[in-house]
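Next come the chains, spelled out residue by residue.
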Amino acid sequence: MKTAILTDSTAYLPKALREELNIFMIPLSVIFGEDVYREELDITMEEFYGKVNEGGRLPTTSQPVIGHFVELYEQIAKEYDAVIGIYLSSELSGTYQSSITAADMAEELDVYSFDSEISCAPQAFYVLRAAELVKEGKMPDAILAELTEMKKWTKAYFMVDDLNHLKRGGRLSGAQALIGGLLQVKPILHVEDKRLAPFEKIRTSKKALKRIGDLFGEDYEDGDKLQASVIHANREDEARKWTAELKQRFPNAEISISSFGPVIATHLGEGALALGWTKKRTSER
């Protein structure tokens, strides 16, 4: 069986890497007024932040329409027998459910949909591992079993700089956002039951980043090889500085830098920083 790997744009895997690994991508969109822009295809990160900083109403986001899934499945079916789609959390977007609905219309292709229960770099960890397993000739059921096992140790913690985006998106109540702003609180968030949820309130950015590093350290000390990514929303200098600090503190971990694209940045706001990680898996384990 020839199996394809598909993900959505919020994994934020570079196009060159996707092409190298034969990974398909379906985009989510950001909406400014009446204008709809598909991530990567119609709008760059620089263009997105330029539009946001022009003022006016903040953008909204939308999932891929079912018809686009069907078209992509038909394209994939020309070369593949099956496809495994790995999507952002089903509680953050309807993308996962749309993939399942569209699968009923894909008669020439065996479609498997996987809810990563997360997004961004941690979602990409699942995608890259799936691509490795395809190269090793693993069947879809075996690949999905491995991805499900990965959920036990794939984590992410987010520090949000601007609470207004979370408030507007329903991520925080108005009272929580107001109190947080008055006290200059930098909330640390994590994913709980597939949703973004408060983890701890920290008074300063420096202390929040140290706390996230400490949480990473707890898993690092277990002795397993970890791969991690510092994720930023238009905050590259701070991301590079934090990455350097983490690499010095945790020399045996693989730590890269990635970014929040327009869809996720719409909800977290400019200035957000996060660290996502998982165990580095090899088939010999």
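Numbers given for residues are sequential positions, taken from 1 along each chain in its written order. In keeping with the predicted nature of the model, local features appear solely for residues at pLDDT of at least 70, side-chain atom pairs appear and are counted solely at 80 or more, and the whole-chain, interface and lining totals rest on all residues. Excluded from the side-chain calculations are hydrogens and water; all other atoms, namely the structure's heavy atoms, are used.

**Observations regarding the sheet that holds strand E9 (residues 186-192)**
Moving on, step 1. Here six strands make up an open sheet; going across it, the order is E10-E9-E8-E13-E11-E12 and the pairing mixed. Sheet topology places strand E10 (195-202) and strand E12 (254-259) at the edges, where each strand pairs with a single neighbour. Neighbour-to-neighbour, the strand axes of this sheet turn through a mean angle of 25°, independent of strand direction.
Moving on, step 2. Strands are treated as partners if at least two bridges between them are detected by DSSP. Starting at the N terminus, helices and strands are each numbered in turn, a helix being any DSSP run of H or I of at least four residues and a strand any DSSP run of E of at least two. Pairing of E9 with E10, which is carried by seven bridges, proceeds in the antiparallel orientation. When the bridges of E10 are listed, Glu192 appears paired with Arg195.
Moving on, step 3. Contacting strand E8 (155-159), E9, E10, strand E11 (226-232) and strand E13 (273-279), helix H9 (residues 205-220) runs over the sheet at an angle of about 170° to E8. Axis lines are fitted through C-alpha atoms, for helices just across the contact stretch, and the angle between N-to-C directions can take any value from 0 to 180 degrees. By the convention used here, residues are in contact when the closest approach between their heavy atoms is within 4.5 Å.

**Quick look at the pattern of salt bridges**
Moving on, step 1. Between Lys or Arg on one side and Asp or Glu on the other, a salt bridge is scored when a side-chain nitrogen of the former is within 4 Å of a carboxyl oxygen of the latter. Taken as a whole and assessed by the stated rule, the structure comprises 16 salt bridges.
Moving on, step 2. Salt-bridge contacts for Arg249 lead to Asp214; the nearest nitrogen and oxygen are separated by 2.4 Å. Residue Arg249 is found in helix H10 (residues 236-249), and its partner Asp214 is found in helix H9; the two are separated by 35 residues along the sequence.
Moving on, step 3. Remark: exposure states derive from per-residue accessible area (1.4 Å probe, protein chains only) relative to the maximum for the residue type, with buried under 20%, exposed over 50%, and partly exposed in between. For Arg249, a relative accessible area of 40% corresponds to the partly exposed category.
Moving on, step 4. Arg240 is paired through a salt bridge with Glu236; the nearest N and O atoms lie 2.8 Å apart. Residue Arg240 and its partner Glu236 are both found in helix H10; the two are separated by four residues, about one turn of the helix.

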